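Each chain, letter by letter, is given below.
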Amino acid sequence: MKTLPQTPSDDSYRESMGRLLVLYTQVDRLIMEICAERIASAPDLAAKLALAKQVGDESRHVMIQHNWMQQFGTDTTPVISDVQEESIRNHFQKLTWLEFLADMYLCVEALGSEAVENIVPLADPGTRESLHVPLSDEQDHVAFGINRLKEELAQLPAGEREAFLEGIPRRIEALTDMFLDFGLEVAELFEKVGASYTMLCDAVRQRQDEVLQQVAA
Ligand SMILES: [Fe+2]
Ligand SMILES: [Fe+2]
């Protein structure tokens, strides 16, 4: 049971927060690369421009986090292995544009940043500051994804739209399972920085309900 807000002088906190920072930065870099690859095949100019902006945003996040990890004295050994990175990349490469919107924006961006946002109040001031710009940009990315997905779904025949909407929770579950199968011990890391993993999962589930409602509205 965690009692106190952790401080950066607490070795266990520092190490675990360091691992989470490495993980977040790795995911941001992967998103940057995956979105860059999508630009050429994106269906129209608005989509290309949004993806290109996101690539720029993610590159800024990677740089901010790298600088902060250096100051924080974080061990920057990757959390996700090369093979695991490759499986994430492969997953996204195979998706249709609609599937890409669901997996990238509803799952990775919305639910991923929900998890990070839940850590912010527990973090030391430097880490909190380093997350400020990235998390505000992630909101933009989520907004693009939700709006674009709504627009795309509105073009579909009603039955197809319904079927796609109904399938989204399964898509999110599959991606989450893939991530959990990596065996990264994220539950332990979250607990060691003072978060309740159960409460964090509840918050993520609640966010999932919210984004699904927004897309279906
Ligand atoms: Fe980011
Ligand atoms: Fe993002």
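Refer to the structure presented above.
As the structure is a prediction and not an experimental result, all values here were calculated from the model. (Residues numbered from 1 in each chain as written. Chains lettered and ligands numbered in written order. Predicted model: local features only at pLDDT ≥ 70, side-chain atom pairs only at ≥ 80, totals over all residues.)

A. Looking closely at the overall build of the protein chain. When its secondary structure is counted, the protein chain shows eight helices and zero strands. Helices and strands in the protein chain line up, N terminus first, as α-α-α-α-α-α-α-α. Computed over the C-alpha atoms, the radius of gyration of the protein chain is 17 Å, within 12% of the 17 Å expected from 2.2 N^0.38 for a compact globule of 217 residues. By principal-axis analysis of the C-alpha atoms, the protein chain measures approximately 55 × 35 × 30 Å. Contacts spanning at least 24 positions in sequence make up 81% of the contacts within the protein chain whose residues lie at least 6 apart. (Helix = DSSP H or I, 4+ residues; strand = E, 2+ residues; numbered from the N terminus. Rg over C-alpha atoms; globule rule 2.2 N^0.38 Å. Contact = placed C-beta atoms within 7 Å.)

B. Broad picture of the nonpolar core. Core analysis: the largest hydrophobic core is formed by 40 residues, its most contacted members being Leu20, Tyr105, Leu106 and Val193. Taken together, the elements giving at least two residues each to this core come down to α1 (11–38), α2 (45–72), α3 (82–93), α4 (97–119), α5 (125–154), α6 (158–181), α7 (186–192) and α8 (197–216). Tallying contributions element by element places α4 first for this core, with eleven residues. (Core = buried A, V, L, I, M, F, W, Y, C linked by C-beta atoms within 7 Å. Buried ≥ 20, exposed ≤ 12 C-beta atoms within 10 Å, placed from the backbone.)

C. Spotlight on the packing of α5 against α8. Two numbers describe how α5 lies on α8: the axes approach to 8 Å, and their chain directions differ by 40 degrees. The pairing of α5 with α8 is recorded here as oblique in orientation. In terms of crossing hand, the pair formed by α5 and α8 is right-handed. The residues of α8 that touch α5, namely those facing Ile146, Leu149 and Lys150, are Val211, Gln214 and Val215. A class-by-class count of the residues in the contact of α5 with α8 yields four nonpolar, one polar and one charged. (Axes fitted to C-alpha atoms, helices over the stretch in contact; angles between N-to-C directions. Parallel < 35°, antiparallel > 145°, perpendicular 65-115°, else oblique. Left-handed = near helix turned anticlockwise from the far one by under 90°. Nonpolar A, V, L, I, M, F, W, Y, C, P; charged D, E, K, R; others polar.)

D. Molecular detail of unusual backbone geometry. Notably, Glu185 is not glycine yet its phi reads approximately 55 degrees, a positive angle. Judged by the 13 C-beta atoms lying within 10 Å of it, Glu185 falls in the partly exposed class.

E. Region of the structure containing the environment of Ala110. Its place among the elements puts Ala110 in helix α4. Overall, Ala110 belongs to the buried group, with 25 C-beta atoms counted inside 10 Å. A C-alpha to C-alpha distance of 19 Å links Ala110 and Ala52, two positions 58 residues apart in sequence.

F. α2, seen in detail. Relative to the 40 Å expected for 28 residues at 1.5 Å per residue, α2 spans 40 Å between its end C-alpha atoms, a close match to the ideal helical length. Within α2, the full set of buried residues consists of Leu51, Gln54, Asp57, Glu58, His61, Val62, Gln65 and Met69. Buried positions along α2 lie against α1 and α5. Phi turns positive, to about 75 degrees, at Gly73, one or two residues after α2. (Expected span 1.5 Å × (residues − 1).)

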